[in-house]
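Architecture and fold: a report
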Amino acid sequence: MNADPNCIFCKIVAGQIPAKKVHEDDHILAFHDIQPWSPVHILVIPKTHIVSMAEVGDEHAELLGRMMAVTPRLMRELGVTNGFRHVINTGRDGMQEVMHLHLHVMGGPRPWNKG
Ligand code: 5GP
Ligand code: ZN
């Protein structure tokens, strides 16, 4: 398991910084975003330090699959019933701020959605 001592998400994995966790297993961790963009906004990360999608290759296919596959159950458990959105930002021009790969998953009621 790679870890970068200066990486905020590696510190969350190591338990050095608190996070509101919603899922943890040997490979991945999911927790609430500290500044949510939607009523429910979680981040799913690999426990090992991968900087971004730009570093991902075939060898990460299973890990990426796990990150995606866990999200429908988590959204159901968090009460999201009307759809959700996945976003991955990559690199500076891709709006990535935290340089440890993470999958945003956002759901919950939108005020402009009627019915
Ligand atoms: P990015 O722009 O890199 O795709 O998104 C980084 C996300 O990480 C942002 O939505 C931000 O609110 C979230 N974030 C940054 N620092 C922390 C933290 O210490 N704890 C948690 N839970 N989320 C964080
Ligand atoms: Zn990291």
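Residues numbered from 1 in each chain as written. Chains lettered and ligands numbered in written order. Predicted model: local features only at pLDDT ≥ 70, side-chain atom pairs only at ≥ 80, totals over all residues.

**Considering the overall build of the chain**
If you tally the helices and strands in the chain, you get 3 helices and 5 strands. The globule rule puts the C-alpha radius of gyration for 115 residues at 13 Å, and the 14 Å found for the chain is close to it. If you line up the chain on its principal axes, its C-alpha atoms span 45 × 30 × 25 Å. When the 115 residues of the chain are sorted by exposure, 24% land in the buried category. Sequence-distant contacts in the chain: of pairs separated by 6 or more residues, those separated by 24 or more amount to 58%. (Helix = DSSP H or I, 4+ residues; strand = E, 2+ residues; numbered from the N terminus. Rg over C-alpha atoms; globule rule 2.2 N^0.38 Å. Buried ≥ 20, exposed ≤ 12 C-beta atoms within 10 Å, placed from the backbone. Contact = placed C-beta atoms within 7 Å.)

**Some remarks on the site of ligand 1**
Taken together, 14 residues form the shell around ligand 1, and within it Ile34, Gln35, Asn89, Glu97 and Val98 come nearest. Considering only residue class, the shell around ligand 1 consists of 8 nonpolar, 4 polar and 2 charged. (Near = placed C-beta within 6 Å. Nonpolar A, V, L, I, M, F, W, Y, C, P; charged D, E, K, R; others polar.)

**Side note on the pairing of strand 2 (residues 28-32)**
Where burial is concerned, most of strand 2 is hidden: 4 out of the 5 residues are buried. The loop that links strand 1 (residues 21-24) with its antiparallel partner strand 2 comprises 3 residues. In this structure, strand 2 lies alongside strand 3 (residues 40-46), joined through 5 bridges in antiparallel fashion. Paired with His32 across the strands is Ile42, a residue of strand 3. (Pairing = 2+ DSSP bridges.)

**A word on the confidence of the model for the chain**
Summarising the model, the chain shows a mean pLDDT of 96, and 98% of its residues fall at 70 or more. Listed scores for the predicted complex are pTM 0.96 and ipTM 0.99. (pLDDT = per-residue confidence, 0-100.)

**A word on the sheet that holds strand 4 (residues 84-87)**
Taken in spatial order, the 5 strands of this open sheet run 1-2-3-5-4, and their pairing is antiparallel. Since the sheet does not close on itself, it has two edges, and those belong to strand 1 and strand 4, each with one partner. Taking each pair of neighbouring strands and ignoring which way they run, the sheet shows an average axis angle of 15°. Contacting strand 2, strand 3 and strand 5 (103-107), helix 2 (residues 61-69) crosses the sheet at an angle of about 160° to strand 3. (Axes fitted to C-alpha atoms, helices over the stretch in contact; angles between N-to-C directions.)

**A closer look at unusual backbone geometry**
Located in the positive-phi region is Met95, a residue other than glycine, with phi close to 70°. Among the secondary structure elements, Met95 is positioned in the loop between strand 4 and strand 5. Accessibility expressed as a C-beta count within 10 Å gives 9 for Met95, which makes it exposed.

**Quick look at the environment of Pro18**
In this fold, Pro18 is placed in the loop between helix 1 (8-13) and strand 1. Expressed as a C-alpha distance, the spacing of Pro18 and Phe31, which sit 13 residues apart in the sequence, is 9.9 Å.

**Quick word on the pairing of strand 5**
Where burial is concerned, most of strand 5 is hidden: 4 out of the 5 residues are buried. Pairing of strand 4 with strand 5 involves 4 bridges; the strand directions are antiparallel. Bridge pairing links His86 to Val105 in strand 5.

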